[in-house]
Structure formats: structure tokens, C-alpha cells
Amino acid sequence: MRVVLFQPDIPQNTGTILRLCACLGVEAHIIEPAGFPISDRHFRRAGMDYLDQVTIVRHDSWAAFEAWRARSGGRLVLFSTKAATPYLDHIYRDDDILLFGRESAGVPDDVVNAADERLVIPIASGMRSLNVAMTVAMALGEALRQTRSVFSSEVGTGSR
């Protein structure tokens with residue numbers, strides 16, 4: 001399972017998502033350009049010391065990401081407010097690549113068309129969207145619930 005952020009705009013969201021990936025033992029990918037430098041203090045603060053604990057793969061463009069995906073395999077699962085299939089109705093696989101768009105603009109049509117699956121997290125009528133970090137947490141939580149019967153010994157319970 002991998003989480004991919006398409007050209008993220010907000011450093012705090014990206015830092016929070018990378019912290020989530022670190023805690024859950026999930027590889028994170030960033031398709032550039034990002035809307036902020038990776039050295040941004042807000043990004044570092046949101047990720048805290050967890051950034052050293054997560055595998056981050058950076059792709060300098062959508063084309064570079066697609067070349068990587070062709071080599072590595074995996075089903076591209078796009079989360080979009082414009083999708084029709086609810087994320088809870090989807091059957092996830094261990095090698096899924098969960099893709100999330102930019103906070104400001106989502107993803108362009110060519111990215112939508114490249115996705116193998118398009119999922120939505122249903123929200124109340126009249127609301128635009130969830131925060132991307134919340135969307136990743138909900139989607140990744142469900143995907144891992146379906147694919148991991150018990151977390152590996154490398155991933156703790158999170159309780160203290």
C-alpha cells in the first residue's frame with residue numbers, strides 16, 4: 001500500500017500525511033512540483049520528528065511517476081470529490097496506490113483518466129470537500145483495515 005500526493009499545496013497537510021504514513025508503516029510519494037519547499041518550517045513542524053521515519057519517494061513530474069508505476073505495478077486508486085463510487089464499497093489490495101490531488105485544484109483530466117479506480121468519501125450536501133489529510137486518514141484506515149488482519153510487529157498499537 002502506498003499513499004501518493006499530487007502536487008500538494010499546503011505544507012501542514014503534507015507534513016501531517018507523512019506523519020500518518022510513518023505511524024502506519026506506509027510508503028509516501030510526492031508528485032512535484034509541490035507548492036512549497038520541502039524545507040518549509042510549517043511542513044517540518046507538522047511532520048515533527050516522524051519525517052525521518054517515513055519512506056518518501058519524490059517524482060519530479062506526473063510522467064516520472066507514471067514511469068515508476070509502470071515498473072512497480074499496482075492499481076492506481078484516485079480519491080476525488082467528483083467520483084461516484086463510495087470508498088467503503090471498494091475492495092482494496094495490498095499493492096494499491098492511493099492517490100490524492102492538490103488541495104486547491106484536485107488533479108487534471110489526464111490523471112483522472114489514468115486512474116484504475118475513482119473513489120469518493122461521501123459528505124453532507126452543500127459541503128465542498130474534506131481536508132486532504134482527513135481524507136487520507138479515512139481512506140488509508142479503510143484500506144489497511146481490509147488488507148491487514150493484524151498490523152505487523154514493526155507497527156505498534158499506538159497506545160502508551
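You'll find the chain entered in an unreviewed UniProt entry as tRNA (cytidine(34)-2'-O)-methyltransferase, with Afipia massiliensis given as the organism. Recorded in UniProt under Subunit (unreviewed entry), the annotation for the chain is "Homodimer." Heading Sequence similarities (unreviewed entry) of the UniProt record for the chain holds this comment: "Belongs to the class IV-like SAM-binding methyltransferase superfamily. RNA methyltransferase TrmH family. TrmL subfamily."

J.: Can you explain unusual backbone geometry? Please cite residues and give values.
T.: A cis amide bond links glutamate 32 to the next residue, proline 33, at an omega of 10 degrees. If you trace the backbone, proline 33 turns up in the loop between strand 2 (27-31) and helix 2 (41-47). Located in the positive-phi region is glutamine 7, a residue other than glycine, with phi close to 45 degrees. Relative to the helices and strands, glutamine 7 is located in the loop between strand 1 (2-6) and helix 1 (11-24). For glutamine 7, a relative accessible area of 16% translates into the label buried.

J.: Tell me about the UniProt feature "binding site: S-adenosyl-L-methionine" (unreviewed entry) in the chain, residues and numbers included.
T.: Listed under "binding site: S-adenosyl-L-methionine" (unreviewed entry) in the UniProt record, and renumbered for this structure, are Gly101, Ile121 and Ser129. Over a stretch of 29 residues, the named residues converge on one spot in the fold, their C-alpha atoms separated by at most 13.6 Å. As for the largest cavity, its lining draws on Gly101 from among the annotated residues. Structurally, glycine 101 can be placed in the loop between strand 6 (97-100) and helix 4 (109-114). For glycine 101, the residues in contact, after removing those within four places along its chain, are Phe6, Gly106, Val107 and Val132. Locating serine 129 in the fold gives a position in the loop between strand 7 (117-120) and helix 5 (132-147). In this structure serine 129 comes out as partly exposed when scored by relative accessible area, which is 46%. Beyond its immediate chain neighbours, meaning those up to four positions away, serine 129 contacts Thr81 and Ile123.

J.: Quick one: what's the story with the packing of helix 1 against helix 5, residue by residue and with numbers?
T.: Packed helices, taken two at a time, are described by the angle between their axes plus the distance between the axes. With their axes 9 Å apart at the nearest point, helix 1 and helix 5 run at an angle of 20 degrees to one another. It follows that helix 1 is roughly parallel to helix 5 by the angle criterion. For the crossing formed where helix 1 meets helix 5, the hand is right-handed. Of the residues in helix 5, those touching helix 1 at Asn13, Thr16, Ile17, Leu20 and Leu24 are Val132, Ala133, Val136, Ala137, Leu140 and Leu144.

J.: Tell me about empty space enclosed by the protein, residues and numbers included.
T.: Enumeration according to the criterion identifies one cavity of 30 Å³ or more in this entry. Size it by volume and the largest cavity reaches roughly 40 Å³. The wall of the largest cavity is formed by Leu5, Phe6, Pro8, Thr14, Ile17, Phe100, Gly101, Arg102, Glu103 and Val132. Where the lining of the largest cavity is concerned, the elements lending two or more residues are strand 1 and helix 1. Looking at the lining of the largest cavity residue by residue, the class counts come to six nonpolar, two polar and two charged.

Each value, and the rule that gives it
Residues numbered from 1 in each chain as written. Predicted model: local features only at pLDDT ≥ 70, side-chain atom pairs only at ≥ 80, totals over all residues. Heavy atoms only, no water. UniProt positions renumbered as here; feature names shortened; annotations may be inferred. Helix = DSSP H or I, 4+ residues; strand = E, 2+ residues; numbered from the N terminus. Buried < 20%, exposed > 50% of the residue type's maximum accessible area, 1.4 Å probe, protein only. 1 Å grid on protein atoms, 1.4 Å probe; cavity = no way out; pocket = protein on both sides within 12 Å on 5 of 7 lines; lining within 4 Å. Contact = heavy atoms within 4.5 Å. Axes fitted to C-alpha atoms, helices over the stretch in contact; angles between N-to-C directions. Parallel < 35°, antiparallel > 145°, perpendicular 65-115°, else oblique. Left-handed = near helix turned anticlockwise from the far one by under 90°. Points joined across faces, edges and corners; volume = space filled by probe spheres on them. Nonpolar A, V, L, I, M, F, W, Y, C, P; charged D, E, K, R; others polar.

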